[in-house]
Amino acid sequence: MKVRVKLFASYREIVGQSDMVLELRDGATVQMLVDCLKNRYERLGSLTDVIIASVNKKYARDDVVLSEGDEVALLPPVSGG
Amino acid sequence: MKVRVKLFASYREIVGQSDMVLELRDGATVQMLVDCLKNRYERLGSLTDVIIASVNKKYARDDVVLSEGDEVALLPPVSGG
Amino acid sequence: MGSMILVTNDDFSVDEVLRKIRNKRTGAIVSFVGVVREDDSGRKIKMLEMETYKGMAEKELSDLKDKAMEKYDLEEVTIIHRIGSLSPGDNIVLIAVASGHRKEAFAGAEFLIDELKKVVPLWKKEILEDGEVWVEGGH
Amino acid sequence: MGSMILVTNDDFSVDEVLRKIRNKRTGAIVSFVGVVREDDSGRKIKMLEMETYKGMAEKELSDLKDKAMEKYDLEEVTIIHRIGSLSPGDNIVLIAVASGHRKEAFAGAEFLIDELKKVVPLWKKEILEDGEVWVEGGH
């Protein structure tokens, strides 16, 4: 299945793009997607152990199972206000 | 000696004027001035036991001794803001 | 110096105060605006009359400002209190506090309005549908 | 309904927000304005770049507003957060809370800015004299 990935702030700069489409096997979880990206982009892996993610603009736990067409975002620690 | 007396809000309405000059004996205190006005204006006496006063625009205790030309104000409970 | 103490008949612009109050170290500005309620604990208010002891009110406000700036780590403090006739929905008072960080700004602003209601010679008369009443004691 | 949630490139008018947010029961309006410091813990800031996750930020802000209105006794809540390039002295964020009484308004406003800094997808990059840094974690 295909999911859309969005990257922000420092993650966007490390990966070098803000948007991508990933092909994952059916039943893949948020954790699997994050691991996949950590492997592909070494600096993302070395930067932090835990990466906060959202699915379809809601904060999502690591074990959430993804579906075709989901929008998954990797969110660095926020710093608004 | 003469002191100037200022009255505000409910006290002003009870007394019917906002400004007056009182003749007091030398050595008179804030308490004496307040008692003198309470006697003269019955409703002022019955309204409240304690009347807060200022002398020359500073909060003053009852036992402060007044001087010729002082400006004494009787201040109802404040309600700004 | 963006700080200011003012007791006035006129309305104020919060934007103007907030523009003047900030300096290079300002990260947080907390402001409190008191508004004339139409309904005060069941009393239907047609109008408010605010009276002050001119000179003493300004002095007390200025002392409070100094106390707050010492007690909390504040950069600037502006206090504007209106007097005269006010209608429901009108601004009564503005307290604006600029600080490096927000904790101090919140604490300073709350301290100032709490103290203002206790010590500053200002009196509020509510003109109701069926009479008028001097409000006693800050609330 | 005077409440509003907005993430925008444009500056805001506090006067305008405060005019819209009040209703017949409003006695107190507390507002918090975050300002770009020129000096952040010794770092000399030339510029700030604020980035957001459009859509999610608004949803998180709206959830926070609902949470605050339930937790405290608030009448209306407006939150405006700026994004894009900001200079020292510029406004970053406005939180305005209208309530019948001041205690709830202060508590609600402080809760909102504390939570905003923890959960709303907004990121701050400081452009310094000698480089740039993504700020991590609300402070």
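Here, the structure is the one placed above.
Computed from a predicted structure; not experimentally measured. (Residues numbered from 1 in each chain as written. Chains lettered and ligands numbered in written order. Predicted model: local features only at pLDDT ≥ 70, side-chain atom pairs only at ≥ 80, totals over all residues. Heavy atoms only, no water.)

1. Quick word on the overall build of chain C
Phase 1 of the analysis: A tally of helices and strands in chain C yields three helices and nine strands.
Phase 2 of the analysis: The helix and strand sequence of chain C, counted from the amino end, reads β-α-β-β-β-α-β-β-β-α-β-β.
Phase 3 of the analysis: Taking 14 Å as the expected radius of gyration for a compact globule of 139 residues, we find that chain C reaches 15 Å, a close match to that expectation.
Phase 4 of the analysis: Taking the principal axes of the C-alpha coordinates as reference, chain C spans close to 50 × 25 × 25 Å.
Phase 5 of the analysis: Taking as baseline every contact in chain C between residues at least 6 positions apart, the subset at least 24 positions apart corresponds to 75%.
Phase 6 of the analysis: Here chain C has roughly 5600 Å² of accessible surface; of this, 47% comes from carbon and sulfur atoms.
Phase 7 of the analysis: Taking the 21 positively charged and 27 negatively charged side chains of chain C as two groups, their mean positions are separated by 4 Å. (Helix = DSSP H or I, 4+ residues; strand = E, 2+ residues; numbered from the N terminus. Rg over C-alpha atoms; globule rule 2.2 N^0.38 Å. Contact = heavy atoms within 4.5 Å. Areas by Shrake-Rupley, 256 points an atom, 1.4 Å probe, with all protein chains shown as cover. Lys, Arg positive; Asp, Glu negative; His and termini not counted. Charge placed at Lys NZ, Arg CZ, Asp CG, Glu CD.)

2. Looking at the interface of chain D and chain A
Phase 1 of the analysis: Taken together, the 29 residues of chain D in the interface contact 19 residues of chain A.
Phase 2 of the analysis: Both faces combined, the contact of chain D with chain A buries some 1900 Å², and carbon together with sulfur accounts for 56% of it.
Phase 3 of the analysis: Taken together, the connections running from chain D to chain A amount to two salt bridges.
Phase 4 of the analysis: Residue K125 of chain D is joined to E13 of chain A by a salt bridge in which the shortest nitrogen-to-oxygen separation is 2.4 Å.
Phase 5 of the analysis: The element best represented in the side of chain D that touches chain A is helix α3 (residues 102-119) of chain D, accounting for five residues.
Phase 6 of the analysis: For the side of chain D that touches chain A, the per-class residue count stands at 14 nonpolar, five polar and ten charged. (Buried area = accessible area lost by both parts, 1.4 Å probe. Salt bridge = Lys/Arg side-chain N within 4 Å of Asp/Glu carboxyl O. Nonpolar A, V, L, I, M, F, W, Y, C, P; charged D, E, K, R; others polar.)

3. Things to note about the arrangement of the chains
Phase 1 of the analysis: The top pair by number of contacts, from a total of three pairs of chains in contact, is chains C and D.
Phase 2 of the analysis: One finds no contact between chain A and chain B; the C-alpha atoms of the two approach each other to within 29 Å at their closest.
Phase 3 of the analysis: Nothing in chain B touches chain D, and the closest approach of their C-alpha atoms is 10 Å.

4. Looking at the packing of helix α1 (residues 14-21) of chain C against helix α1 (residues 14-21) of chain D
Phase 1 of the analysis: Direction vectors running N to C along α1 of chain C and α1 of chain D enclose 140 degrees, while the axes themselves pass 7 Å from each other. Here α1 of chain D runs oblique to α1 of chain C, going by the angle between their axes. Here α1 of chain C contributes V14, D15 and L18 of chain C to the contact with α1 of chain D, which in turn contributes V14, D15 and L18 of chain D.
Phase 2 of the analysis: Residue classes in the contact of α1 of chain C with α1 of chain D are distributed as four nonpolar, no polar and two charged. (Axes fitted to C-alpha atoms, helices over the stretch in contact; angles between N-to-C directions. Parallel < 35°, antiparallel > 145°, perpendicular 65-115°, else oblique.)

5. Focus: the interface of chain D and chain C
Accessible area lost upon the coming together of the parts is a frequently used measure of interface size.
Phase 1 of the analysis: Counting residues at the interface gives 36 residues for chain D and 36 residues for chain C.
Phase 2 of the analysis: Both faces considered, chain D and chain C share a buried interface measuring about 3000 Å² in area, 47% of it formed by carbon and sulfur atoms.
Phase 3 of the analysis: On the chain D side of the interface with chain C, the three residues burying the most area are R37, R102 and F106 of chain D, jointly 22% of the side's total.
Phase 4 of the analysis: The interface formed by chain D and chain C contains six salt bridges.
Phase 5 of the analysis: Note that D114 of chain D is salt-bridged to R102 of chain C, the shortest N-O span being 2.8 Å.

6. So, the sheet that holds strand β5 (residues 71-75) of chain A
Phase 1 of the analysis: Pairing within the open sheet is mixed, and its five strands lie in the order β2-β1-β5-β3-β4 (chain A). Unpaired on one side and paired on the other, β2 (19-23) and β4 (58-60) of chain A mark the two borders of the sheet. Each strand of the sheet is rotated relative to its neighbour by a mean of 35 degrees, with strand direction disregarded.
Phase 2 of the analysis: As defined by bridge partners, strand β3 (residues 52-55) of chain A adjoins β5 of chain A across four bridges and the pair is classed as antiparallel. Its bridge partner lying in β5 of chain A, S54 of chain A is registered against A73 of chain A.
Phase 3 of the analysis: Sitting on the sheet, helix α2 (residues 56-71) of chain D touches β3, β4 and β5 of chain A, and the angle it makes with β4 of chain A is about 90 degrees. (Pairing = 2+ DSSP bridges.)

7. A word on the relation of the copies chain D and chain C
Phase 1 of the analysis: Laying chain D over chain C is done by rotating through 180 degrees and shifting 0.0 Å along the axis; what remains is an RMSD of 0.0 Å. In short, the pair behaves as if placed about a two-fold rotation axis. Nearest to the rotation axis, the C-alpha of S31 of chain D is located 2.6 Å from it, this being the minimum over chain D. (Least-squares fit on C-alpha atoms with pLDDT ≥ 70 in both.)

8. Examining the packing of aromatic side chains
Phase 1 of the analysis: In the structure shown here, the tally under the stated rule is eight aromatic pairs over all chains.
Phase 2 of the analysis: Taking 5.0 Å as the distance between ring centres and 15 degrees as the angle between the ring planes, the aromatic pair formed by F8 of chain A and W123 of chain D counts as stacked. Note that F8 of chain A is positioned in the loop between β1 (2-7) and α1 (9-15) and W123 of chain D in strand β8 (residues 122-128), a pairing that runs across two chains.
Phase 3 of the analysis: Look at F8 of chain B and Y53 of chain C: their rings are 4.6 Å apart centre to centre, the planes differ by 40 degrees, and that puts the pair in the tilted class. Of this pair, F8 of chain B sits in the loop between β1 (2-7) and α1 (9-15) while Y53 of chain C sits in the loop between β4 (43-52) and α2 (56-71), placing the two residues on different chains. (Phe/Tyr/Trp six-rings, centres within 6.5 Å; stacked < 30°, edge-to-face > 60°.)

9. Some details on the sheet that holds strand β3 (residues 52-55) of chain B
Residue and element names in this part refer to chain B.
Phase 1 of the analysis: Reading across from one edge, β2-β1-β5-β3-β4 is the order of the five strands in this open sheet, with mixed pairing throughout. Strand pairing shows two members of the sheet lacking a second neighbour, β2 (19-23) and β4 (58-60), which therefore form its edges. Taken pair by pair, the neighbouring strands of this sheet meet at an average axis angle of 35 degrees, ignoring direction.
Phase 2 of the analysis: Sheet analysis places β3 next to β4, joined by three bridges and oriented antiparallel. Within β4, the residue paired with A53 across the bridge is A60.

10. Regarding unusual backbone geometry
Residue and element names in this part refer to chain A.
Phase 1 of the analysis: Within the chain, A9 stands out as a residue other than glycine whose phi angle is a positive 50 degrees.
Phase 2 of the analysis: Mapping A9 onto the fold places it in helix α1.
Phase 3 of the analysis: Look at A9 and you get buried, because its relative accessible area is 1%.
Phase 4 of the analysis: A positive phi angle, near 70 degrees, is found at K57, a position not held by glycine.
Phase 5 of the analysis: By the secondary structure assignment, K57 is in the loop between β3 and β4. (Buried < 20%, exposed > 50% of the residue type's maximum accessible area, 1.4 Å probe, protein only.)

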